[in-house]
Amino acid sequence: MNAERTGALRRLPSVDEVARAVAARPELARVPRTRITEAVRQAVDAERRHVREGGVDPADAKTLADRVAERLTRLGVFSLRPLVNATGVVLHTNLGRALLSPLARERVAEVAGAYSNLELDLTSRERGSRYSHVEGLLRRLTGAEDALVVNNNASAVLLALETLAHGKEVVVSRGELIEIGGEFRIPDIMRRSGAILREVGATNRTHPRDYADAIGPETALLLKVHTSNYRIVGFTAAVGSRELVDVGRARKVPVLEDLGSGSLVDLRPYGLPHEPTVPEVVAAGVDLVTFSGDKLLGGPQAGIIVGRREAVARLKRNPLNRAVRIDKFTIAALEATLHAYEDGTALATLPTLRMLTEPLLGVRARARAVVARLDREARARLLPRVIEDRAQVGGGALPTATLPTAGVVVGTDDAHARRLDAALREADPPVVGRMLDDRLFLDCRTVLAEQVRTLARTLATVAR
Ligand SMILES: *Cc1c(COP(=O)(O)O)cnc(C)c1O
């Protein structure tokens, strides 16, 4: 290393010096010391590399402190933060899937701040069950004999397979050996549960006799899996729930159906394709049905299992159930969500259902309101236009279904649109849109009414 470079490195400010300059800033008063030190160390290290590689003069303490302060302010105190979903994908797994209703949020806050009768039967004074708070609702809403709730649907499927089919065979159609992303694949989960996969049929066609022919002394279960995130189209045949129940009953083999999304209401009147609802599948005689709490149901992350009393009782007794146990906040949110179905306010109060069923008119009005809030300068820079498109439902629900939607396109060309996209993702709150041809499209189906003002303000800021 030459002398000049060594001299430059010697002039590099110390971590202490920069940290003191950062800590003195009032806007960072809430940022813990340890976080400031870590950010300063990273900034000083980066500067050292820069000097080493380029032999340039190092930035002074004030400049480095500015850099660190800007970064810490942008990142905010918390890592997990609310954002504006302008993708139009209503059930977006990476963006947290379903939003909770005001009542569900209120119930979570109440239960979080006080002790509760989580596992106490107040009448008998005996130990109660945490499932009791939602069992009745689930029975009445689905028509099933009993219910159980666990951490998520993946654990519901694992628990059901482990309980009913460990060391035994499970018959599944080749057309339903799905991967839903995030490492969840039916063959893998089956192996982990100790069940032995018995594939039947062809990728595109499976018939009732395929299942019947595969049943032997080792068969514990017939499994039907909802193809939540893809469709096999063309020359196809799949065995319906009722037909599968007929095959199972004739040979005394129970049927498990992983419904994935599990809607309690028929969404056809709102222009969405038919999906078997939970009550329909229960009525078909399926022994156990599993589905997610945070997909079409519109509640918290949870795995809901409904079905025959004896089968559910076996699941409840499995020690594995303790490992995938649901927590009290989820129970509070789930109870409030299910309550909305029972009292008929689900479509009006559950954000997921509201977004999926909102007429285009309302979506377009929000898009126009965003543009109307932009000042002349922001408009000149962004060239915003309100356009109509189709939005995906997403999140392992209704894979091919799209909804008419409206939103705002911004950007003068591809490069500008990409820069805007990057700046919006780093804004506070972050805004996530999607590229549409060579413009950035901010889909307003998933933008909440109370976010319109924020979205316009953020757009105006990044325009400059
Ligand atoms: C989404 C989905 C799952 C996983 O549910 P999580 O609640 O995300 O664990 C399992 N099976 C199917 C068919 C699904 O669609």
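Structural data are supplied above this passage.
All of these numbers come straight from a predicted model, not from anything done at the bench. Think of each chain on its own: its residues are numbered from 1, step by step along the sequence as written. Whole-chain, interface and lining totals are the exception, using all residues; otherwise, since this is a predicted model, local features are given only for residues with pLDDT of at least 70 and side-chain atom pairs are given and counted only at 80 or more. Think of the side-chain values as coming from all heavy atoms in the structure, minus any hydrogens and water.

**Student:** Any details on the sheet that holds strand 6 (residues 255–260)? Residues and values, ideally.
**Tutor:** One requirement defines pairing of two strands: DSSP has to find at least two bridges between them. Numbering goes from the N terminus for both helices and strands, where a helix is a DSSP run of H or I of at least four residues and a strand is a run of E of at least two. Taken in spatial order, the seven strands of this open sheet run 2-8-7-6-5-3-4, and their pairing is mixed. With partners counted over all chains shown, the strands left at the sheet margins are strand 2 (146–150) and strand 4 (196–200), one partner each. Neighbour-to-neighbour, the strand axes of the sheet open up by a mean angle of 25 degrees, direction not taken into account. In terms of strand pairing, strand 5 (residues 219–225) meets strand 6 through four bridges, oriented parallel. Bridge pairing links V225 to D258 in strand 6. In what follows, a contact means two residues having at least one pair of non-hydrogen atoms within 4.5 Å. All axes are obtained by fitting lines to C-alpha atoms, using only the stretch in contact for helices, and the reported angles, taken between N-to-C directions, cover 0 to 180 degrees. Sheet strands touched by helix 12 (residues 309–317): strand 2, strand 7 (288–292) and strand 8 (303–307). Its angle to strand 2, the strand with the most contacts, is close to 30 degrees.

**Student:** So, the pairing of strand 13 (residues 439–443): which residues are in play, and what are the values?
**Tutor:** Side-chain direction in a regular strand flips from residue to residue, so the side chains alternate between the two faces of the sheet. For strand 13, a buried count of four out of five residues is recorded, marking the element as mostly surrounded by other parts of the structure. The pairing of strand 10 (residues 402–410) with strand 13 spans four bridges and is antiparallel. The residue of strand 13 that forms the bridge with V410 is L440. Pairing analysis gives three bridges linking strand 12 (residues 434–436) to strand 13, with the strands arranged antiparallel. The residue of strand 13 that forms the bridge with L436 is R439. Relative accessibility under 20% of the residue-type maximum defines a buried residue, over 50% an exposed one, and the middle range a partly exposed one, all with a 1.4 Å probe and only protein chains included.

**Student:** A description of unusual backbone geometry should follow, citing residues and the corresponding values.
**Tutor:** Note: most peptide bonds trans; most residues except glycine with negative phi. Cis rather than trans, the peptide bond between D428 and P429 has omega equal to 0 degrees. With respect to the element layout, P429 can be found in the loop between helix 19 (414–425) and strand 11 (431–432). Positive phi outside glycine occurs at R125, with the angle close to 65 degrees. Mapped onto the elements, R125 comes out in the loop between helix 5 (102–112) and helix 6 (132–142). At L383, a position not held by glycine, the phi torsion is positive, near 45 degrees. Following the sequence through the fold, L383 ends up in the loop between helix 18 (376–382) and strand 9 (385–392). With a relative accessible area of 46%, L383 lands in the partly exposed category.

**Student:** An account of the site of the ligand is requested, with residue identities and associated values reported.
**Tutor:** Note on terminology: near, applied to a residue and a molecule or strand, indicates that one of the residue's heavy atoms is within 4 Å of it. Near the ligand there are 14 residues, and of these A154, S228, D258, S292 and K295 occur at the shortest range. By the criterion applied in these results, polar contacts are pairs of N or O atoms within 3.5 Å in which, for protein atoms, one can donate a hydrogen and the other can accept it, and in which residues neighboring in sequence qualify only through two side-chain atoms. With respect to the ligand, the backbone of A154 contributes an N or O atom lying 2.9 Å from an oxygen atom. For the ligand, whose unbound accessible area comes to 380 Å², protein coverage reaches 95%. Elements with a contribution of two residues or more to the shell around the ligand: helix 7 (153–165) and strand 6. Taken together, the residues of the shell around the ligand sort by class into four nonpolar, seven polar and three charged. In short, Shrake-Rupley with a 1.4 Å probe defines the accessible areas, and a residue's cover is counted only from the protein chains shown. Classes in brief: Ala, Val, Leu, Ile, Met, Phe, Trp, Tyr, Cys and Pro nonpolar; Asp, Glu, Lys and Arg charged; the others, Gly included, polar.

**Student:** Can you lay out the layout of surface pockets for me, pointing to particular residues and giving the numbers?
**Tutor:** Cavity means a closed set of points on a 1 Å grid over the protein atoms alone, one where a 1.4 Å probe fits but cannot get out, pocket means an open set with protein on both sides within 12 Å along at least 5 of 7 lines, and lining means a residue has an atom within 4 Å of a point. Grid points are joined across faces, edges and corners, and a volume is the space filled by probe spheres set on the points. The volume enclosed by the second largest pocket comes to roughly 410 Å³. Lining the second largest pocket are 23 residues, with E176, K224, T227, A237 and A238 sitting closest to its centre. When the residues that make up the lining of the second largest pocket are grouped by side-chain class, the tally is eight nonpolar, 10 polar and five charged.

Distances and angles like these do not, on their own, reveal function.
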